[in-house]
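Topology and contacts: notes
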Amino acid sequence: MEKENILNQDTVALDQQTDELIILDQTLLPGEVVHLRLSRAEDIYEAIYKLRVRGAPAIGVAAALGLYAICRRLPEGDPAEFHREFVRNRDYLASARPTAVNLMWAMDQMTRALEAQGDAPVPQLKEALKAEALRLREEDIQVCRSIGEYGLSLIHDGDGILTHCNAGQLATVRYGTALAPIHLGRERGMNFRVFTDETRPLLQGARLSAFEMVAHGVDTTLICDNMASSVMNNGWVQAVFVGCDRVAANGDTANKIGTSGVAILAKHYGIPFYVCAPTSTIDMNCPTGKDIHIEQRAAEEVTEMWYAKRMAPQGVKVYNPAFDVTSQELITAFVTEYGIVRPPFSDGLKKLFEKKREK
């Protein structure tokens, strides 16, 4: 497939003829565009853990569709046994990425959908799971578009925007979160100058954000992570947009490692720092960032991945957290599907969920 068609392809989908989860294998981008068909629990777990599917919203939707695909293949006998197998597979998938709250949120939504059926026959239970998984997928598209609309109100035609990691279409079903305003703006003929951090060690900015920005015809400049200060100092950046994997009740935010450093720089240079957060990523049961579990990943991602030969000496210690926490005091505002939330975040996020319940 042509690389420029990437925005016309689904990141996460369900083949309703075969009831298989279909994901775009992001570990191969931008060199190859390959879709995987998955229905075994082990394969779906591996896809989530190995970041074949990644980005908090996409992980949640993939897990929901994947859980249905697994349960679709369970025997149609005893409903009680079906419930037990559902729980076993749900917990297994939920353990793949502990920091991204969307994963647990999606599993909770699927659990509620199943429990609402009580002791109904197994075929009915399967249909309920399918309907819920597809609902979550469609909801993600609408949420991301809404985030894009609100985010677009914060920037102007011609602005320079810096982003870290990938919170675009490749991290969701469609549009993205942090990159949704740019995609929507492009649809309306607007032009932005985007500076994309490469985002070590997995290079989601270089491989993914830059890929989809170029595909949409956006003026895109790739920079190493340690060049962000220079770019800001030059006056080239009017706003920073990032996504998130979990937001605590006080506004502290976990996102891809390196995000907190970008926030500190933005504060220093007086540049607004916006976090695009669907409400499914906001964890009101998590008081502060200190309560967010930070996933530690394999040392090989730093010492060997992307290199023809190992680039670090044998025996060297490696610290490789997947995320860091940005303090709420460094965040200008959250952009959500229900509007823009400004400080004080403890009050603003509470009111946001009150607004959500009213709708």
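Please refer to the structure placed before this passage.
Below: a short report on this structure. All values reported here derive from a predicted model rather than from experimental measurement. (Residues numbered from 1 in each chain as written. Predicted model: local features only at pLDDT ≥ 70, side-chain atom pairs only at ≥ 80, totals over all residues. Heavy atoms only, no water.)

The next point concerns the sheet that holds strand E3 (residues 35-38). Read across the open sheet, the three strands follow the order E1-E2-E3; overall the sheet is antiparallel. With partners counted over all chains shown, the strands left at the sheet margins are strand E1 (12-15) and E3, one partner each. Recorded for the sheet is a direction-independent mean angle of 25 degrees between the axes of neighbouring strands. Note: strand E2 (residues 20-24) against E3, four bridges, orientation antiparallel. Residue pairing across strands places Leu21 opposite Leu38, the latter belonging to E3. (Pairing = 2+ DSSP bridges. Helix = DSSP H or I, 4+ residues; strand = E, 2+ residues; numbered from the N terminus. Axes fitted to C-alpha atoms, helices over the stretch in contact; angles between N-to-C directions.)

Moving on to the packing of helix H2 (residues 56-72) against helix H3 (residues 79-94). It is at 10 Å that the axes of H2 and H3 come closest, and there the two elements cross at 145 degrees. With respect to the hand of their crossing, H2 and H3 are arranged in right-handed fashion. Each of Ala63, Leu67, Ile70 and Cys71 in H2 lies in contact with H3, whose residues at this interface are Phe82, Phe86, Asn89, Arg90 and Leu93. Its residues assigned to classes, the contact of H2 with H3 comprises seven nonpolar, one polar and one charged. (Left-handed = near helix turned anticlockwise from the far one by under 90°. Contact = heavy atoms within 4.5 Å. Nonpolar A, V, L, I, M, F, W, Y, C, P; charged D, E, K, R; others polar.)

This part is about helix H11 (residues 345-358). Over its 14 residues, H11 extends 20 Å from the first C-alpha to the last, a length consistent with the 20 Å expected when each residue adds 1.5 Å. For H11, the complete set of buried residues consists of Phe345, Gly348, Leu349, Leu352 and Phe353. The arc that holds every buried residue of H11, seen down its axis, measures 135 degrees, which confines them to one face. Along H11, exposed side chains directed more than 90 degrees from the buried face belong to Lys351, Arg357 and Glu358. Buried positions along H11 lie against strand E8 (246-248), strand E11 (282-283), strand E13 (333-336) and strand E14 (339-341). (Expected span 1.5 Å × (residues − 1). Buried < 20%, exposed > 50% of the residue type's maximum accessible area, 1.4 Å probe, protein only. Arc of directions from axis to C-beta.)

Let's shift gears to the side chain of Asp197. Looking at the secondary structure, you find Asp197 in strand E5 (residues 193-197). Beyond its immediate sequence surroundings of up to four residues, Asp197 is in contact with Leu162, Thr163, His164, Cys165, Gly205, Ala206, Leu222, Ile223, Cys224, Asp225, Ala228 and Val262.

All right, on to helix H9 (residues 259-269) then. Listed as buried for H9 are Thr259, Ser260, Val262, Ala263 and Ala266. Buried positions in H9, seen along its axis, are confined to an arc of 155 degrees and lie on one side of it.

This model, assessed by the stated rule, comprises 24 salt bridges. In this structure, the salt-bridge partner of Lys130 is Asp19, at a minimum N-O distance of 3.8 Å. Here Lys130, found in helix H5 (residues 122-152), pairs with Asp19, found in the loop between E1 and E2; they are 111 residues apart in sequence, far enough to count as distant. Of the two residues, Lys130 and Asp19, both sit in the buried class. With a closest N to O distance of 2.8 Å, Arg84 and Glu81 form a salt bridge. In this pair, Arg84 and Glu81 both sit in helix H3, three residues apart, roughly one turn of the helix. (Salt bridge = Lys/Arg side-chain N within 4 Å of Asp/Glu carboxyl O.)

Moving on to the packing of aromatic side chains. Enumeration over the complete set of coordinates arrives at five aromatic pairs. Ring plane angle 15 degrees and centroid distance 6.3 Å describe the contact between Tyr45 and Tyr49, whose orientation is recorded as stacked. Separated by four residues within a single helix, Tyr45 and Tyr49 lie in helix H1 (residues 41-49), roughly one turn from each other. We classify Tyr45 as partly exposed; its relative accessible area is 21%. (Phe/Tyr/Trp six-rings, centres within 6.5 Å; stacked < 30°, edge-to-face > 60°.)

Below, the discussion takes up the environment of Gly160. As for its placement among the helices and strands, Gly160 is situated in strand E4 (residues 160-163). Take Gly160: its relative accessible area is 0%, and that puts it in the buried class. Separated by 181 residues in the primary sequence, Gly160 and Val341 place their C-alpha atoms 22 Å from one another. Excluding residues that lie within four positions of it along the chain, Gly160 makes contacts with Arg193, Trp236, Val237, Gln238 and Ala239.

Under the definition given, this model contains zero disulfides. This cysteine, Cys244, is not joined by any disulfide, and Cys276 carries the nearest cysteine sulfur, 8.2 Å off. Judged by relative accessible area, Cys244 falls into the buried class, the value being 8%. Free cysteine: Cys286, not disulfide-bonded; nearest cysteine sulfur from Cys244 at 12 Å. (Disulfide = S-S within 2.5 Å.)

So, to be careful, I would describe these as geometric facts and stop short of saying anything about function.
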